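# Structural features, examined
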There are 2 protein chains.
Amino acid sequence: MAATMREVAEAAGVSIATVSFVVNNSKPVAPETRRRIEEAMVRLQFRRNMVGRALASRRTRVVALVYPAIEHKLGASGMEFVTSAARTASAAGYHLVLWPISNDAAELTQLVGQGLVDGVLLMEVQLEDARVEVLRATRTPFALIGRSGDLRDLVYVDIDFDATMQDAVDHLRGLGHRSMVMVTGSQADASFRAYGPYVRAEAAFRRIAAEQGFEPVVLECEQTTQSGRAAAEQILASWPGTTAVLVFNEFAAPGLLSGLLRRGVCVPQDVSVLSVLTSTEMSTSVDPPLTAFSSPGAELGRLGVRALLRVLEGEAAPPPALLPGTLVPGSSTGPAPGGGSARERHA
Amino acid sequence: MAATMREVAEAAGVSIATVSFVVNNSKPVAPETRRRIEEAMVRLQFRRNMVGRALASRRTRVVALVYPAIEHKLGASGMEFVTSAARTASAAGYHLVLWPISNDAAELTQLVGQGLVDGVLLMEVQLEDARVEVLRATRTPFALIGRSGDLRDLVYVDIDFDATMQDAVDHLRGLGHRSMVMVTGSQADASFRAYGPYVRAEAAFRRIAAEQGFEPVVLECEQTTQSGRAAAEQILASWPGTTAVLVFNEFAAPGLLSGLLRRGVCVPQDVSVLSVLTSTEMSTSVDPPLTAFSSPGAELGRLGVRALLRVLEGEAAPPPALLPGTLVPGSSTGPAPGGGSARERHA
DNA sequence: CTGAAAGCGCTTACAG
DNA sequence: CTGAAAGCGCTTACAG
């Protein structure tokens, strides 16, 4: 169906090298010659074959998105992330393949060995990650979404947990809440042990609490509605004076909210709930809609691919990008009860 | 790094053809020769290069998943679907690339012209779909997730809307509800006009209503919480006797529920809400958790890829598969008010 | 500015 | 059972 370069060359009465030069615009070609070639390309419906090009140039222009197959919930914004990554690749003339694989090194080794991809975008990085070692050992160019423990020579983009947590705490402090409880994800699960986001968000919270002089209470909880509800119970039982809860656990947040409401606690009149790094779908599906800092999913996908492509093109590795979440107003946060707001801020 | 076939051949003292025969197990090879070759492959860490293979065999073993970039919400189960598709492809030795593209023909034409993929899995098919025409014209093997209007010679898998709606209605009838209101997605949006799922689900509902002798009330509503809430208002205002609502609109369902609750309507005591083709994340995030028929996302991805691969392998096109949703019990449905349940069923 | 030629890493008739 | 050779569709020094 589609014509080859050879056919175009014959039709235009030139060598295939010259056709290649105009297709890639890689060498000067006489105007008249170029015209003949372009005419032939259009007439014969020439489309450059990526496989031939890949073999000859040793660059496939395909990159892989590697993530854990047992998707512990990429969150509701998973598709948004992935789509944004694919479109960014596409705009640069690349393709994105999906490699949802186990966390161990064997499968990744096998896949990169096939020579299909020029580079890898690695997600859900653990602090010690066998996959990073595979990529290093095989000299596969790669970039990370997230960060491992050892950042030497790593190209990555990640969420700015410090900034996001700071913004979140500030939001609640601004409403007059003097202290707050943080609900985070469970690290009991082996695959979440030392899961970067939880570790970093909690560390940020503790640091900020120390700076602002309140006692940091941190509650771990699984990523389910049920666990969120249990967390609500525990907060009411163990820290009855709580006026604000900061949740970094998208799938527990709805349960936390309904757990409070079921106990007759009014949100936000009695207790404010602020959800951090949550999809808009989740925030708006509950009642009252959650005030939240939305996850910069699409932006991470875009920047992650961009960073990887820059490595592939041999340009200077881009500096690590850290993106904060963006406040999406809802109805689950409000002034601290007791009119403490104004007093607190001027104290 | 990775050895080539030529290097293996030299190390084993054979021709590269023979190496190819053992790698592909495509021709008989003497045991002793095979042993030498296998030893050399292991020693030199041979990994067959997919690009060379693709060029020579004219099969890339890459397939594309094509879906609308303006993702009108593949739903919360989007990642699950996509991951399942990628893993199914992987298990068969294929790779899955993501092509989130506009709905028009130009971009798809350009992409298939690159010769990167052996076939295409097409999603969100419209009743008249320019993309199907592109695939036909370019003789690109393809399979559909969903169905276009004209099914001649089409390989597809889809949700079984008839069976799912029947199950849903039966569930509510079994609880004593004599009639019900259906809330569906908005078809006002141009890109959703004649959107297969809405058309088919509504048709099934009307047919069943006629069979069972109740008046089918159908309400269109946008895919947002807000619209769901408005739908609740409208139901209470226009059809105050309603005891059961059947929602086929994942992102409106939470709003419908909270809209009822806000009006003091108890769910399920006063009104039952049954959500059809919804992700579990959504169903469980609201309070009360929704009784729902879950979307067979992962299964669709698996069967869709399988169907496409069968076409690629030149096997008989598999018969169209239609999958129903599965009932996931929640707390949003219950007996019809007025103790009608038992009476109704024996009447 | 253009072309002849080698080569990217494989597969596959064809011959023996 | 094995090998020599052509070829898949391109790119890229090299020469002129």
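Procedures and definitions
- Residues numbered from 1 in each chain as written.
- Chains lettered and ligands numbered in written order.
- Predicted model: local features only at pLDDT ≥ 70, side-chain atom pairs only at ≥ 80, totals over all residues.
- Heavy atoms only, no water.
- Contact = heavy atoms within 4.5 Å.
- Buried area = accessible area lost by both parts, 1.4 Å probe.
- Salt bridge = Lys/Arg side-chain N within 4 Å of Asp/Glu carboxyl O.
- Polar contact = N/O pair within 3.5 Å; in protein donor to acceptor, adjacent residues only side chain to side chain.
- Nonpolar A, V, L, I, M, F, W, Y, C, P; charged D, E, K, R; others polar.
- Near = heavy atom within 4 Å.
- Helix = DSSP H or I, 4+ residues; strand = E, 2+ residues; numbered from the N terminus.
- Pairing = 2+ DSSP bridges.
- Axes fitted to C-alpha atoms, helices over the stretch in contact; angles between N-to-C directions.
- Buried < 20%, exposed > 50% of the residue type's maximum accessible area, 1.4 Å probe, protein only.
- Least-squares fit on C-alpha atoms with pLDDT ≥ 70 in both.
- Parallel < 35°, antiparallel > 145°, perpendicular 65-115°, else oblique.
- UniProt positions renumbered as here; feature names shortened; annotations may be inferred.

### Re the interface of chain A and chain B
- Counting from both sides, the interface comprises 50 residues of chain A and, opposite them, 50 residues of chain B.
- In total, chain A and chain B occlude about 4100 Å² of area from one another, counting both sides; carbon and sulfur atoms represent 63% of this.
- When residues of chain A are sorted by the area they lose upon contact with chain B, Val51, Met79 and His95 of chain A head the list and together hold 15% of the total.
- Across the chain A-chain B interface, the total number found is four salt bridges.
- With a closest N to O distance of 3.9 Å, aspartate 287 of chain A and arginine 229 of chain B form a salt bridge.
- Run the count over chain A and chain B and you get 16 residue pairs in polar contact (both at pLDDT 80 or more).
- Considering only residue class, the side of chain A that touches chain B consists of 26 nonpolar, 15 polar and nine charged.

### Regarding the protein's contact with DNA strand C
- The full set close to DNA strand C counts 30 residues, and Thr18, Pro28, Ala30 and Thr33 of chain A together with Ser20 of chain B are the nearest of them.
- Within 4 Å of the protein, the atoms of DNA strand C are drawn from sugar and phosphate moieties in a proportion of 67%.
- In this structure, leucine 55 of chain A approaches DNA strand C through a main-chain N or O atom, which is 3.3 Å from a base oxygen.
- In the environment of DNA strand C, a phosphate oxygen lies 3.1 Å from a nitrogen or oxygen atom belonging to the side chain of asparagine 24 of chain B.
- Here the surface near DNA strand C is built from residues that sort into 15 nonpolar, ten polar and five charged.

### Here we look at the protein's contact with DNA strand D
- The environment of DNA strand D is made up of 30 residues, and the closest members are Ser20 of chain A together with Thr18, Pro28, Ala30 and Thr33 of chain B.
- In the interface set of DNA strand D, defined as its atoms within 4 Å of the protein, sugar plus phosphate atoms amount to 67%.
- Residue leucine 55 of chain B places a main-chain N or O atom 3.3 Å away from a base oxygen belonging to DNA strand D.
- Interatomic distance of 3.1 Å between a backbone N/O atom of alanine 56 of chain B and a base oxygen of DNA strand D.
- For the surface near DNA strand D, the secondary-structure elements that each account for two or more residues are α2 (16-24) and α4 (50-57) of chain A together with α2 (16-24) and α4 (50-57) of chain B.
- Residues of the surface near DNA strand D, tallied by class, amount to 15 nonpolar, ten polar and five charged.

### What about the sheet that holds strand β7 (residues 217-221) of chain A?
All names here are of chain A.
- A sheet is described by the order of its strands in space; here six strands give the open sequence β7-β6-β8-β9-β10-β12, paired in mixed fashion. Because the sheet does not close on itself, it has two edges, and the strands there are β7 and β12 (326-328). Each adjacent strand pair in this sheet contributes to an overall mean axis angle of 20°, direction not counted.
- As judged from the three bridges shared by strand β10 (residues 291-294) and β12, these two strands associate in the antiparallel manner. In the sheet register, serine 294 faces β12, and the bridge partner there is threonine 326.
- Of the strands in this sheet, β6 (181-185), β7 and β8 (244-247) touch helix α10 (residues 225-238), which is tilted by about 150° from β7.

### A word on the pattern of salt bridges
- The final tally for this structure, using the stated rule, is 30 salt bridges over all chains.
- Residue aspartate 158 of chain A is joined to arginine 147 of chain A by a salt bridge in which the shortest nitrogen-to-oxygen separation is 2.8 Å. With a gap of eleven residues between them, aspartate 158 of chain A in strand β5 (residues 156-159) and arginine 147 of chain A in the loop between β4 (142-145) and β5 connect regions that are remote in the sequence. The two residues aspartate 158 of chain A and arginine 147 of chain A agree in class, both being buried.
- Ionic pairing is found between arginine 34 of chain B and glutamate 38 of chain B, a salt bridge with its closest N-O pair at 3.7 Å. Note that arginine 34 of chain B and glutamate 38 of chain B are positioned in helix α3 (residues 31-43) at a spacing of four residues, about one turn of the helix.
- A single salt-bridge network, built from bridges that share partners, covers Glu32, Arg35 and Arg36 of chain A.

### Regarding the relation of the copies chain A and chain B
- Least-squares fitting of chain A to chain B yields an RMSD of 0.0 Å, with the superposition described by an axial translation of 0.0 Å and a rotation of 180°. On this basis, the relationship between the two copies can be described by a two-fold rotation axis. Of every C-alpha in chain A, the one belonging to valine 97 of chain A sits nearest the axis of rotation, 2.1 Å from it.
- A high fraction, 100%, of the interface residues of chain A reappear at the interface in chain B, so the copies pair face to face through one surface.

### Considering the packing of α2 of chain A against helix α3 (residues 31-43) of chain A
All names here are of chain A.
- Where α2 contacts α3, the two axes come as close as 10 Å, and the packing angle between them is 85°. On the basis of their axis angle, the class for α2 and α3 is roughly perpendicular. In contact with Thr18, Val19, Val22 and Val23 of α2, α3 contributes Thr33, Arg34, Ile37, Glu38 and Met41.
- Of the residues assigned to the contact of α2 with α3, the class counts are five nonpolar, two polar and two charged.

### A word on the UniProt feature "domain: HTH lacI-type" (unreviewed entry) in chain A
- Sequence positions flagged by UniProt for "domain: HTH lacI-type" (unreviewed entry) are, in local numbering, residues 3-57 of chain A.
- Taken end to end, residues 3-57 of chain A is 69% helix and 0% strand, and its first and last C-alpha atoms sit 20 Å apart.

### Structural notes on the packing of helix α1 (residues 5-12) of chain B against α2 of chain B
All names here are of chain B.
- Axis separation between α1 and α2 bottoms out at 8 Å; the angle between their running directions is 105°. The pairing of α1 with α2 is recorded here as roughly perpendicular in orientation. Taking contact as the criterion, the partners of Met5, Arg6, Val8 and Ala9 in α1 are, on α2, Ile16, Val19, Ser20 and Val23.
- Looking at the contact of α1 with α2, its residues break down into six nonpolar, one polar and one charged.

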